[in-house]
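Close look at the chain arrangement
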Amino acid sequence: MSKRVAVVTGGIGGLGTPMCRTLHDQGRSVAAAYYPAEEDKAIEWRKQQLSDGYDIAIYPVDIGDYDSCAALVEKIENDLGAIDILVNNAGITRDAPLKKMEKSNWDAVIQTNLTGAFNMAKQVFDKMAQNGWGRVINIASVNGQKGQFGQTNYSAAKAGLHGFTKALAQEGARKGVTVNTISPGYVGTEMVMAIPEKVRDQIVAGIPIGRLAKPEEIARAVGFLADDEAGYITGADFSINGGIYMH
Ligand code: CAA
């Protein structure tokens, strides 16, 4: 059997990098999709991965743009083959309390974090179903489960991903395509380090495990759900949040 092909959006970021490496370790042919403005960073990233023994292809995409996603998938299919594993990982924050939130920041977060998952899944889901095998893994957030002060946009988008996941899981269930979410808590990435230090310290103090997550601790679950043996897990959510929200 030829290698299964995996694509990770936000693939060159703090969470995306160990996800790509985990999938590579599982013998997948991996493509990391990056935001077009980050081309220089992506080229450096690929060099670094290669020198660490990871041959991961890189492709630009604006996941908020449907046509950009269609072009990305066409390119990957031509280069590597049909996509078997999609990890919708790319996401942004534009935090502000509602009274200060600009409409543009509401729109940007919904467009990227929620519509982006639709834009990508739409390109690959039918082929996965036709092939009788597929994995869609949507990276949601603890803040889509519990809400977070200053994140009406982000919490709404991430909660939306849960609904999207459960609906699509039903559409894929008889076709060998599983669809799941992972809900990370606060991970030590650039996104979390951008929270003002004082606020961040308060958040960390409220995490029962007492520290931020390591990105690898989230990537492990991606590997688990993407595994050939994980075919009975669908419509599920994996909370990996150090106990900050138990439900
Ligand atoms: N609960 C209740 N009240 C709060 C509060 C909270 N958590 N945080 C702030 N407030 C209050 C303040 O005390 C202040 O009250 P007063 O007006 O009475 O003084 C009021 O709300 C407004 O606060 P600020 O003026 O400080 O508002 P701001 O605009 O400067 O900043 C913020 C607000 C941007 C939301 C900032 O608090 C912040 O960055 N919070 C962290 C948000 C967060 O957790 N983001 C997660 C990013 S990482 C991520 O999203 C990854 C993931 O998946 C987990």
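Provided above is the structure to which this section pertains.
Not measured: the values here are computed from a predicted model.

Here is what the cut-offs are and how they apply
- Residues numbered from 1 in each chain as written.
- Predicted model: local features only at pLDDT ≥ 70, side-chain atom pairs only at ≥ 80, totals over all residues.
- Heavy atoms only, no water.
- Helix = DSSP H or I, 4+ residues; strand = E, 2+ residues; numbered from the N terminus.
- Rg over C-alpha atoms; globule rule 2.2 N^0.38 Å.
- Buried < 20%, exposed > 50% of the residue type's maximum accessible area, 1.4 Å probe, protein only.
- Contact = heavy atoms within 4.5 Å.
- Areas by Shrake-Rupley, 256 points an atom, 1.4 Å probe, with all protein chains shown as cover.
- Lys, Arg positive; Asp, Glu negative; His and termini not counted.
- Charge placed at Lys NZ, Arg CZ, Asp CG, Glu CD.
- Salt bridge = Lys/Arg side-chain N within 4 Å of Asp/Glu carboxyl O.
- Pairing = 2+ DSSP bridges.
- Phe/Tyr/Trp six-rings, centres within 6.5 Å; stacked < 30°, edge-to-face > 60°.
- Lys NZ or Arg CZ within 6 Å of the ring centre and 35° of its normal.
- 1 Å grid on protein atoms, 1.4 Å probe; cavity = no way out; pocket = protein on both sides within 12 Å on 5 of 7 lines; lining within 4 Å.
- Points joined across faces, edges and corners; volume = space filled by probe spheres on them.
- Nonpolar A, V, L, I, M, F, W, Y, C, P; charged D, E, K, R; others polar.
- Near = heavy atom within 4 Å.
- Polar contact = N/O pair within 3.5 Å; in protein donor to acceptor, adjacent residues only side chain to side chain.
- Expected span 1.5 Å × (residues − 1).
- Axes fitted to C-alpha atoms, helices over the stretch in contact; angles between N-to-C directions.
- Parallel < 35°, antiparallel > 145°, perpendicular 65-115°, else oblique.
- Left-handed = near helix turned anticlockwise from the far one by under 90°.

Side note on the overall build of the protein chain
For the protein chain, the helix and strand inventory stands at nine helices and seven strands. Here the C-alpha radius of gyration of the protein chain, 17 Å, is about what a compact globule of 247 residues would show, namely 18 Å. Projected onto its principal axes, the C-alpha coordinates of the protein chain cover approximately 50 × 40 × 35 Å. Within the protein chain, the fraction of its 247 residues that count as buried is 47%. For the protein chain, restricting intrachain contacts to residue pairs at least 6 apart in sequence, the fraction spanning at least 24 positions comes to 75%. Accessible surface for the protein chain amounts to roughly 11900 Å². Of this, 52% is attributable to carbon and sulfur atoms. Charged side chains in the protein chain number 25 positive and 28 negative. The centres of these two groups are separated by 5 Å.

So, the pattern of salt bridges
Pairing is possible between side chains that carry opposite charge, provided their charged atoms lie close to one another. The full count for this structure, using the stated rule, is eight salt bridges. We note a salt bridge from K47 to E44, for which the minimum N-O separation is 3.2 Å. Separated by three residues within a single helix, K47 and E44 lie in helix α2 (residues 39–51), roughly one turn from each other. For R46, the salt bridge is made with D55, and the minimal N-O distance between the two is 3.0 Å. Salt bridges sharing partners connect three or more residues here, namely R4, R28 and D228.

Thoughts on the pairing of strand β4 (residues 85–88)
Taking every second residue as pointing to the same face, both faces of β4 are buried, with I85 and V87 on one and L86 and N88 on the other. Two strands pair when backbone bridges link them, and strand β1 (residues 5–9) and β4 are joined in this way by three bridges, in the parallel orientation. The residue bridging A6 from the neighbouring strand is I85, located in β4. With four bridges joining them, β4 and strand β5 (residues 134–139) adopt parallel strand pairing. Bridge pairing in β5 links V87 to I137.

Some thoughts on the packing of aromatic side chains
One pass over the structure, following the stated rule, counts two aromatic pairs. The ring of W133 carries R4 above its face, with NZ or CZ at 3.6 Å from the centroid.

Remarks on empty space enclosed by the protein
Here the structure, examined in full by the defined rule, presents one cavity of 30 Å³ or more. What the largest cavity holds in volume is close to 50 Å³. Lining the largest cavity, in full, are T9, I63, N88, N89, A90, T112, N113, G116, A117, I139, K158 and L161. Listing elements by their share of the lining of the largest cavity, those giving two or more residues are α4 (103–131) and α6 (152–172). Here the lining of the largest cavity gets four residues from one element, more than from any other, and that element is α4. Its residues assigned to classes, the lining of the largest cavity shows five nonpolar, six polar and one charged.

A look at the site of the ligand
Not every one of the 19 residues close to the ligand is listed here, only the nearest: D95, K100, S141, Y154 and Y186. The side chain of D95 places a nitrogen or oxygen atom 2.7 Å from a nitrogen atom of the ligand. Measuring from an oxygen atom of the ligand, one finds a side-chain N or O atom of Q151 at 2.9 Å. Bound to the protein, the ligand loses 58% of the 1100 Å² it would expose on its own. Of all elements in the fold, only α7 (190–193) and α8 (197–205) reach the threshold of two or more residues within the shell around the ligand. Class assignment for the residues of the shell around the ligand results in 10 nonpolar, seven polar and two charged.

Things to note about helix α9 (residues 215–226)
A rise of 1.5 Å per residue sets the reference length of α9, with its 12 residues, at 16 Å; its end C-alpha atoms lie 17 Å apart and thus fit the reference within 8%. Taken as a whole, α9 has its buried residues at P215, I218, A219, A221, V222, G223, L225 and A226.

So, the packing of helix α1 (residues 16–25) against α9
At their nearest, the axes of α1 and α9 sit 8 Å apart, and the two run at 40 degrees to each other. It follows that α1 is oblique to α9 by the angle criterion. Here α1 runs over α9; the crossing is right-handed. For the pair α1 and α9, contact is made by P18, M19, T22 and L23 and by P215, E216, I218, A219, V222, G223 and A226, respectively. Grouping the amino acids of the contact of α1 with α9 by side-chain chemistry returns eight nonpolar, two polar and one charged.

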